[in-house]
Amino acid sequence: MEPKGEPEREKEKDQNEQSDKLDSTEGKKERKKKSTDEKKLLESEEEERVAEDEEGEESGSEEEEEEPPPPEPEEPPAPVKKKKKVVVEKKISENFYYNYEELCSFPYVTPDSGIPLDMLILMHSFGYDCRRRANILMLDSQTLLYIAGNHLVLLDLKFRYLRYLRSTSGGGIGVITAHPNKTHFAVGEKGWKPNMIIYEYPSLRPYRILRGGTEKAYAFADFNRSGTLIATVGSSPDYTLTVWDWKQEKIVLRSKAFSQDVYRVTFSPENEEQLTTSGLGHIKFWKMALTFTGLKLQGSLGRFGKTAVTDIEGYAELPDGKVLSGSEWGNMLLWEGGLIKVEICRPGHRNCHNGPINQLLLDEGEIVTVGSDGYIRVWDFETMDTADVVDDTGLMEMDPMNELLVGKNVNLGYMVKVHELGEPYWYAQDFNGAIWKLDLSFSNVTHDPECLFTFHSGKIEAVCVSPVTYILATTALDRMVRVYDFLGKVQLAEMKFKQGGTAITWAPKVANPKGGVIVVGFQDGVVRIIELYNPKGLPIVSSQENLADASLRLKQAFKPHTSVVTALAYERHGEILATGSRDKNVFFFNVDETYDPIGFISVPGPVQALQWSPPSHRENKLLIFCENGIVVQVPAPQQDFDAASTYKMKDLPTEYFRFWSIKSQILREDEIKRREKVKEEKEKERQKWIQEQLDEGKELEEIELLEEEAEEEEEEEPLPDIFVPKTPSPILCGFYSAPGKFWLSLGGYDTGFLFHCAFSPIQHQKEPDHREDEPFDFIRVEGAEDNPITRIWFCSSGLLMFCGMQNGAVRVYPLHQKEFSIDNIAGYWSFGLHDNDYGKIQGICSSFDDRFLVTCGADGNIFTYNILSVEEIKKVLKTKVPSPRRGLDQEGAAEDIEEPNAYSIENAKQKKEHDLIMRAAERKKFLKRQELFSLRQAFQELLRMNDELPRHMQLHRAQFELDRRIRAEMDRRTARKIRLVMKELGWEQERHRIGLRKLQERFRGNLEYDTIVVCAMRSNHRISTYRLLAISEKFYSSRKQSQSWKRRPSKYDWKVKEDQQKDSQKDIFSSQTNTILEEEPEPEKVKKKPQTLQSRIVENRMERLRKVIEKAEKAKAKIEQRKKEWEELYKSKPSDNYEDPQDIEDIRHAQENMGDFKLKTATNYKIPEHMRINAAKKMNQLTSLEVAIHERKLSMNKWIVGLRDLKVAIIEEIQCVVQALKNIQSSLDPSKHLPVPPIPQLLPEETPEKKFQYDSETLLKFKQELEKQGLKAKEAMTLVPSAEAGGLGGFGGGFLHTPSVKEIDTSTRGSQKSVKTGCATAATPTAVLPVSSFEMELVEPTELEVEIRKREEIRNIYMQETLIKRIDELMMTFDAELCLLRHQKLKLDIQMKTADLRHVTWFQELLLLKNFEKHEDILQERVNSLISEEEQMQHKINSCIAQIDEKKAEIVKLQEREKALYVTFHASLGENNKFAGFLLKVLKKRIKRVKKKEVEGERDDDEESDEESDEESSLESDEEESGSEDEVFDDTVCPKNCDESLFENTLQLREKRLDIEEALVEEKKVIENVKKEYEAFAKKVKVVAASLDSAEWELEAYQREKQQKLNELHVVVPLKLHQVEYISNGEIPSDISQALVFTNQSLMNLQQRITILQQEKLVQRELYKKAREQHKELIRDRKEMMIKIERLEEKCNQFMMMKFGRLVDLEALQTLSVNTNLEELKMKTMEKEQAIAVDLKKWEGRILEKRQQLMAVTKENTNKLTQMNAFCTEKIRLETKLDSLQHNLGAEFQGPRKEDIMEKERMIALVQLQATDAEILKEEITLLSRKDGRIFAAPEPLFQTDEMLN
C-alpha cells in the first residue's frame, strides 16, 4: 500500500496498538467471565425460540435444522435429530451483543508443547486483494473497509491508520456489505457451514450471527432498501440464495440460485419483493410469491434468445421492473419479462465499453456504467428506460451524457459512493492494483481522478528482506518492484519494467555491506541488478526539498535465460550468483561491481529453487531443485572458466537424485501396525470373554466352537497396494541437512510428509530420468494431507523453522537443536492469515535480526509479524535506508533490456561466433572471386586474339580445351551443385507450388468452363460458351430428394391408413397361423443298427402307430385346409357397407377437381393439399431449376468445345493440303498456278486455357518486366561478371538447360508437319525427278516424253483444283456447322433468359415463404399434434371397445359354465331322487366366503376393517335372502339316508357356482369401468376434433394470406403478338391487367373436356343399369343356395342318426388317433432297459479284469519292497561296521567291555522295533475297523542288525 502524504498521528496509532495489545492480554480473564454469563443468557433465549425455522417450512422454503455451530467449524458436525417443541417464540433483544474474543479465531498450538499462543503477532498488511469482487466498502467519509485474507482491514483515510478484525471460522472471508444506514456491516465467511456475522459500527461488536446459509462460502450479500432483510448467495457447491430476517437470525426464504457461479444478488430498490441474481452465463429474476402453501421464492431465468450468452458482472434494477445489465463485449442489455428487449450500443455500432461492464448504478436519475477499459460513462435514464428495437439487428444506438477516463491501464471493478462535506465522491476499486477517489459531478470545478493507494495486482511472486535493516522488497507479474519499510509501515519506492517479475533476492552483506543491491528475475529471462539508496545523500540533490526517503535505480541488466527466471541464490561468500529458470539451465555470475557471466549448466528439469551449502559444510556446493522431482548437486564453478566459444560448462561434476515415492509403503506399514494393534486388543477382549464364559460355567469345547464361528465370520481385508506415480511428484521446496543430504517437501501424491534424502554414490549407471532414488527417512506433517508446505525458512539461529502452507497458513516449528529431525520437533504453532482458497504462500522470510517475519501470498497480500513485544520495538529499532555509493550521481543510466525477444547471454555468444565465421568466409569468397575474374579476363583476351588471326590460322574452340576430363569433372560438379541447389530450394519451390495451386483453386477451381469463342472461317459469325461454375453435389442430392417432404395427411388419408393397418394386421395374423399349421417336424433319420428280436418288435409297433398317426394327420390337414378355404372365402366377402376403394378415390378426385373453380386471387380460394407450397419445396424447385440450367448450358458448352476441336483438326488438315498444293505447284508453270487459300488461324480467345500455361522463358520475361517497372537500376557488381558468355569462362560450359514448353510444342508440331508433308508429297515424286534427271541434257525431248509431260501437267492441274476445292469444302462445312449451332444457342439463350426470370420470381417467393415459415410451422405442428392426439384417443377407444368385447365373451363363457354346472348337478342326481329339493337348496344357498389372501399381514388395519364391514354387510344380505325362504335347513350335515358322496359333490359344485358368480361380478365391474373410460375418451375426442377443426381453419386462413402475398408478386411472361387473343373492338386494349395467361394446350383441354364429360355421363348410366340387374340376380341366387344348404344339412343329420344313432362331430371322428405320447414313452422305456442291460454286463467284465490286474501289481510291489528292505538293512550294517573300525582302533584289545556295549545296543534296538510293531498293529486295527480302511506298509527302522533281521 502506498499512502499519499506523511502520517500525522503516529503517536495516536502507537497508543491504539498498545491498548489493543493490553486488551488482548491483561483483560482476557475479565472478558471471558463476562462472555460466559452472556453465553448462558443467549443459550436460554435460544432454547425458547427453537421453532424459528419451522416458519420457513410453512412458507414453502426448505427445511433448516437449528444447530448452534461451534466457533471454529472445521468439519461437518454430527447429525442431530430434530425435536419438535411447542414453545412460544421469543425475539432476540435489540441490546444483545456477542463477545468478539469468543468468536474470533485464534492460532492453533500443539497441546502440551509449551509454545506461546502469541508467538507471532500481526503487525501490518501492505497488500490488497484487488482481484476480489466488491472488495471495497465505505463505512463513513473517512473509513474504508476491505478484506485481506483472514482479516478485515479498516483503513482511516485521514490518518492512514489500519485496524484489523479476524475471521471467526479461520477459513477466510468471502464477502462484505454495509447496511443502508451504515450502522452495521455484514461479513460472510468461508469454511464448512460458514456464518454471516453482522457487526455494529463504529463499536465493531458482533451483533448477530446468521447460521446455515450455505455449505462452503458466501459469494455476495445485499441489504434491502429499508435494511430489515439481507439476501445472501453461496458459492460452490450449493449456490443457495437465502433471505434473512437478520435481526432475529431467522431464515425467511431460501432456494437454489443456479447450478453455476453466482456473482451478485440484490433487492429491487422500488419493490423489495423482487430480487435479481447474475453470474456465469446467466441472469435470474426472483419474486416472493404468496402461494397456498405459504411464501415462496420463484425464479425466472433470463433467456438470451438471439444474443450470445454472456457472463453478467453488473446490472441495475430500474423503477418499472426492468433490469439493465452489462455484457462481456461491453454493450448493455435491457431485460423485460425475462427477455432481452433491446441491446444498447454507441453510434456506429460501437460498444458502450471496450470490455466487460463490471458495475451499473442508478444514481440520481442517471445510469452510471463502470467498465474494465477505465471509463466511467453516464447515460440518460429516460432514453434508456424507453429504449426499443429499431431494426432487425436488435441494437439501439445512443450517446453517453458524460464520460470520465480514470487513467490508462486502469480496470475498474467496483465503486461506492460517500458524501464528504455535502459533496458526493466515489471510491473505486481498480483490478490492476489501486484505489481511486473520483468526482463525477462533471462541472467546471470537477476534481481530477486521484489515486489514493497503489498495490501489487494479483499474485505476488516473491519477497526478500534486507540483510542490514528493516526493509522488504517484492515483485509480481504486474511488472512492479516495490520496496517497503515494514517497521515504519510505509512504502519507500517502486519501479516498473516491461515484463513481470518472478524471483527476487537481496545481495548478502558480504557482497554489499550497505545492503542496497536487489537482484530481480523476470518473465523473459532477464535478471536486473537494482540499487536502493537514499537520494538525500547525493550532493547534487541534498538541498532539494520534498525528496523521498528512498529511490531505486537500475544498475545492470543481463539476460542469462530464454524463459522465466524462477530462482536466485548467492554463494555463501557472496562471490557467485546462481540463477535458475524454466529453460532447464542454471547460470553462474561473478559478483563484483558488475556481474560478469562465468558459465551455465543444464539440468534435467525446470528449476524450482536453488540453495548453496551453508558455511558449516566443508565443500561449497549448489543444490538445485527441479519441478519434475529431480535434485541436482554441483560444486561451485571456477571463476576463471574459459568461455571462448560457449558458456556451457560440460566438465562440472554433477550428482543426481530422482525422487521415488515411498508414501504407499509408509501407509501400508501404518495399516499393518494398526491391524496388529487391533488384533492385540481383540486378543485381550477374547481372553477376558473366555474367562467370563468359564466363570459362567461353560465348558471349554463350547467356548472354542463359538470362537471358531466368530473367526469364520470375520474376513480380513487385503492390505493396500504399493503405488508409485509414473511421474514423480513436483518438488515445492527443500533444504540441506548435511553434506550430500537434504529434506524435500513435495506436492501431488506425496503431500503430507517431509522426506530426508541423500545422493547415491553410484551416479553414472543410469540416466537422471530413469533413476529410482528412495528417501531414507521421513517426517509426517500433521494436518498436511491435502495442504503441502510450499516455502520453508530458518531463522539465523536455526531454532525456529517457518513454513508457508498451500492454504495460506503460517506454521512455526520450534527446534531443540539446529539439526532438523523428528526427535527435534516438540510441536508447532499455526495460524491462517492469507486466503484459504487461493492464498498460497509464495514467500516467507525473517528479518536480519529474527525479530520480524514477512509473508506474501497468491492473494496479493503482504503481512508482517513481530516476534518481540511492541514496546521493545519502539524503544530500540529504527529503519535506515542505505546511503548512495560514491560516484553514483556522476554515472549515467544503465542500459536496460526492453525487448522480450532479445538474445540471451549464451545466444549472443553463439551469434558473435557465427558472425566471425561468416565474415572470414565472405573474405575468402571475395579473394577467390577476384582471382577468377582475372583469369576470365585473360582468357577473353586470348579468344579475342584468336579471332583476329586469319581463318586458316585460328584455333578451334575445342583446341582450347587442354583436358576433357577437366571439363567432364566440371560438368559433374555443376550437375551436383544444381541438384544441391534444387534440394535447398525444394521447400521454397514446394511453397510456391502450393501457393499457385491455392490460387488456381480459389479463382479457377470451381470454374467448369471458361468463355471460349469460336469464330467462323469465312464470315464474321462467332459463338461463345457459357462461363459455367461447377455445381456442388448437394444440389444433385437435393434434387433427388425433391419429393422427400411430407404432405400433411387429410382425415381421409388417416382413415385409409387405419384400414390398411387393420388389413395388414389381419394378413399377418392369418399368414402366421398358416405357417404354424403348415410347419411339421421332419422325422429324424434313424441310423441302421443290427436287427434283434426286441428291435424288430419295436419297429413293427412303431410302424403301426406311424400309419395310424399319418392317417389322422391327413384327415386333420384336410379339415384345416377346408377351414382355411372357408375363412378366405368369408374374408373376401364384402361387408354390407363396403365401398370399392377405387370408387372412393374417384369420388375424392372428383370432389377436388370438379365443381366451382376459383382463381387464386379470389378471397374464398381454397388451396388444394398437393398445391400447398413452403420454403423447403420452393428451395427444392430452385435447386432443380439451377441443376437443369447447368445441365443445358453444360451440354451446349460441350458442343461448342467439340466445334473448336473440329476447327483445330480442320486447320491441321488444311495445312497438310496447302503443303501438298505447294509441292504440286512447284512442278507446274507459274502461269497455271491458282491462288492458294489462306490458312485460317486460331485466335487467342479461342484457346483461353493457354493463358495459364507457362514455362521458364515466360517466367523469366515476366520477372524482367517486373524488374524494369518496379525496381530501380542497381549498380552492377564489378567483381562478378555476367554469365551471358555461357558457362564457366570460355570453356563453353553452362548449366543444364531443359527445353521449354514452346520448344516442345514447336518440335512436335514440326515433326507432325514433316510426317504429313511426307505423306502428301510421296504421291508426286515423278513431277520433280524427270526435271533433275534430264537437266544436263541438251537434246530435245521426244514425242513420247512430251506426251508424258502433258499428262503429268494435266494430272497436277486436276490435283491442284481438287485440293483447293477440298479446302473450300472444309471451310464451308465448318461455317455451316457453326451457323447451325449458333442458331441452337440463340434458342437456348432465350430459354435461359426465361429460366433466369423464373429463378428471380421463385427466389422472391422463397424470401416471402421464409417470412411465413415460422408461423406456418407452428400452426402445422399444432394441427399435427392434434391429429396425433386424436389418433391416440381413437386408439384408446378402440382398445376399450375390444376390451369390452373380450369381457362380454368371458361373461358368456362363465354363463355357459354355470349352465353346464347345473346340468352336471342334475345328471348326478339321477331320476326320482327324494333329496333333489334339499340338494338343490344346498346348491343355491348363499354363504359367507372368506377371501384368500396372498400375503398375510401386508394390509393396514383400516383396510381390514373395511373388508370385514363389507363381508358383514354381504353376510347380512345373504342371511336376509335366506331368511325369506319358508324353511330353514342345516347345510352342514348330510341328511339321513342321503348319499354322502352326492352331498359332498353338491357342496363342491356350490363352491364352483360361487366362484363363477364372483367372477361374473368382477367382469361386470371391469366392463363398467371400461365403459366409463370409453365415455371419457369419447368426450376428449370431441374436444380434440373441435380443436383440430379450428386449427385447420386457422392454417387454411394463413395459407390464403400467404397465397395473397404470393399473388402480389409480379411474374414476367414474355409473349409474342400472335399469342395475344385478348382483343377489344379488333384491337389490343391498353390495359390488359384483367387478361388471363393460358397455355394453348390448357385451352384445348378445357374445350375438349366438355365432350368428354358428356360421353362419361352416358357411360355411367349404362353401368348403373347393368349393376342394378346384376344385384337382383345375385339376391335370387343367394336365396336358392341357402335352401340347398338346408336340404344338405338335413340329409347329413339323417345319415348320422342311421349310422351312429345320434349326432356326432365328424371332424373329431376323422382325427381320432392313438395316444402318441404314451406310446412313445413305452417305446423309449423298452429301449432304455435294453441299453442299460448291455452296459451293465460290459462294466461287470471290466471290474473283474481290473481286480485281477490290481492283485498282480500288489504282489509284485510287495516282493520289491521286501528286497529293498533287505538291501537297506545290509547297507546300514556295513556302514556301522566301517565307522566302528575307523573310530575304535584297538577295540579288539578291550575284552568283554565291547561285547557288553553291543549287546546293550542290540537289546535297545529290539525293544524299539517291538514298540514300532505294536504301533503299526494298532493303526491297522483302527483302519480295518473303518469302512474305507486301507493298510499301509510299516515304516522301516533306521538301524537294524543282523540279529534283528534273523
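The model shown is predicted, which means the values in this text are computed figures rather than measured ones.

## Points about the side chain of Thr 855
Item 1. Tracing the backbone through its elements, the reader meets Thr 855 in strand S57 (residues 852-857).
Item 2. Every residue in contact with Thr 855, bar those within four places of it in the chain, is listed here: Val 810, His 834, Gly 843, Ile 844, Asn 861, Ile 862, Phe 863 and Tyr 865.

## Examining the sheet that holds S57
Hydrogen bonding along the main chain pairs the strands of a sheet, whether they run parallel or antiparallel.
Item 1. Pairing is antiparallel in the open sheet, where 4 strands are placed in the order S2-S58-S57-S56. Two strands close off the open sheet at either side, each with one partner strand: strand S2 (121-125) and strand S56 (841-846). Across the sheet, the axes of successive neighbouring strands diverge by a mean angle of 20°, strand direction being ignored.
Item 2. Judged from the 4 bridges that link them, S2 and strand S58 (residues 862-866) form a sheet pairing that is antiparallel. Its bridge partner being in S58, His 124 is matched across the sheet by Thr 864.

## Some points on a negative patch on the surface
Item 1. Judged by side-chain charge, Glu 699, Glu 701, Glu 702, Glu 704 and Glu 708 come together as a negatively charged surface patch.
Item 2. Along the chain, Glu 701 turns up in helix H7 (residues 700-713).
Item 3. Among the residues examined, Glu 701 registers a relative accessible area of 61% and is labelled exposed.

## Quick word on the nonpolar core
Most often, soluble globular proteins have nonpolar side chains that are buried together.
Item 1. One finds Leu 120, Leu 144, Ile 230, Leu 275 and Tyr 427 to be the most contacted residues of the largest nonpolar core, which totals 67 residues.
Item 2. No other element matches strand S11 (residues 218-223), which puts 4 residues into this core.
Item 3. Residue contacts for Ile 230: discarding those within four places in its chain leaves Thr 177, Ala 186, Ile 198, Leu 210, Ala 221, Asp 222, Phe 223, Thr 242, Val 243, Trp 244, Trp 246 and Phe 267.
Item 4. Core analysis: the second largest hydrophobic core is formed by 35 residues, Ile 1023, Ile 1211, Val 1217 and Leu 1378 among them.

## Observations regarding the pattern of salt bridges
Item 1. By the definition in use, this model includes 66 salt bridges.
Item 2. The shortest N-O distance in the salt bridge between Glu 364 and Lys 417 comes to 3.4 Å. Placement of Glu 364 in the loop between strand S23 (357-363) and strand S24 (366-371) and of Lys 417 in strand S28 (residues 412-420) is noted, with a sequence separation of 53 residues between them.
Item 3. In this structure Lys 417 comes out as partly exposed when scored by relative accessible area, which is 23%.
Item 4. Glu 420 is the salt-bridge partner of Lys 437, the closest N and O atoms lying 3.0 Å from each other. Here Lys 437, found in strand S30 (residues 434-438), pairs with Glu 420, found in strand S28; they are 17 residues apart in sequence, far enough to count as distant. Grouping residues by exposure puts Lys 437 and Glu 420 together as buried.

## Side note on the sheet that holds strand S46 (residues 630-635)
Item 1. The sheet built from 4 strands is open, its strands ordered S44-S45-S46-S47 with antiparallel pairing. Edge positions in the sheet fall to strand S44 (607-612) and strand S47 (655-658), since each of these pairs with one other strand and no more. On average, each strand axis in the sheet is tilted by 15° relative to the strand beside it, whichever way the strands run.
Item 2. Taken together, the 5 bridges between strand S45 (residues 621-626) and S46 define a ladder with antiparallel strand orientation. Each bridged residue has a counterpart across the sheet, and for Ile 624 the counterpart in S46 is Val 632.

## Structural notes on the confidence of the model for the protein
Item 1. Taken residue by residue, the protein gives an average pLDDT of 80. The fraction at 70 or more is 82%.
Item 2. The weakest mean pLDDT in the protein belongs to helix H19 (residues 1329-1333) at 36; the strongest belongs to strand S12 (residues 230-234) at 96.
Item 3. Below a pLDDT of 50 lies the segment residues 1-86, which in the model reaches 127 contacts outside its immediate sequence neighbourhood of four places, other chains included.
Item 4. Note that pLDDT drops below 50 for residues 1273-1338; the model gives that stretch 49 contacts with residues more than four away or on any other chain.

## Section: the side chain of Gln 633
Item 1. Topologically, Gln 633 is positioned in strand S46.
Item 2. A polar contact of 2.6 Å, which involves the side chain of Gln 633, links it to the side chain of Glu 655.
Item 3. Within the local environment of Gln 633, its side chain forms a polar contact with the side chain of Tyr 736, the two groups lying 2.6 Å apart.
Item 4. Ignoring anything within four residues of it in the chain, the contact list for Gln 633 reads Lys 621, Leu 622, Leu 623, Pro 653, Thr 654, Glu 655, Tyr 736, Gly 740 and Phe 759.

## Side note on the packing of helix H20 (residues 1343-1469) against helix H23 (residues 1540-1607)
Item 1. The N-to-C vectors of H20 and H23 enclose an angle of 165°; their axes lie 7 Å apart at closest approach. Classified by the interaxial angle, the pair formed by H20 and H23 is roughly antiparallel. Crossing angle aside, the handedness with which H20 passes H23 is left-handed.
Item 2. Across the contact of H20 with H23, the residue classes break down as 37 nonpolar, 11 polar and 24 charged.

## Some thoughts on the environment of Val 418
Item 1. Structurally, the position occupied by Val 418 is in strand S28.
Item 2. Distance in space between the C-alpha atoms of Val 418 and Met 138 is 6.9 Å, their sequence separation being 280 residues.

Parameters at a glance
- Residues numbered from 1 in each chain as written.
- Predicted model: local features only at pLDDT ≥ 70, side-chain atom pairs only at ≥ 80, totals over all residues.
- Heavy atoms only, no water.
- Helix = DSSP H or I, 4+ residues; strand = E, 2+ residues; numbered from the N terminus.
- Contact = heavy atoms within 4.5 Å.
- Pairing = 2+ DSSP bridges.
- Axes fitted to C-alpha atoms, helices over the stretch in contact; angles between N-to-C directions.
- Patch = residues over 30% accessible without salt bridge, like charges linked within 9 Å, V, L, I, M, F, W, Y side chains within 5 Å.
- Areas by Shrake-Rupley, 256 points an atom, 1.4 Å probe, with all protein chains shown as cover.
- Salt bridge = Lys/Arg side-chain N within 4 Å of Asp/Glu carboxyl O.
- Lys, Arg positive; Asp, Glu negative; His and termini not counted.
- Charge placed at Lys NZ, Arg CZ, Asp CG, Glu CD.
- Buried < 20%, exposed > 50% of the residue type's maximum accessible area, 1.4 Å probe, protein only.
- Core = buried A, V, L, I, M, F, W, Y, C linked by side-chain atoms within 4.5 Å.
- pLDDT = per-residue confidence, 0-100.
- Polar contact = N/O pair within 3.5 Å; in protein donor to acceptor, adjacent residues only side chain to side chain.
- Parallel < 35°, antiparallel > 145°, perpendicular 65-115°, else oblique.
- Left-handed = near helix turned anticlockwise from the far one by under 90°.
- Nonpolar A, V, L, I, M, F, W, Y, C, P; charged D, E, K, R; others polar.

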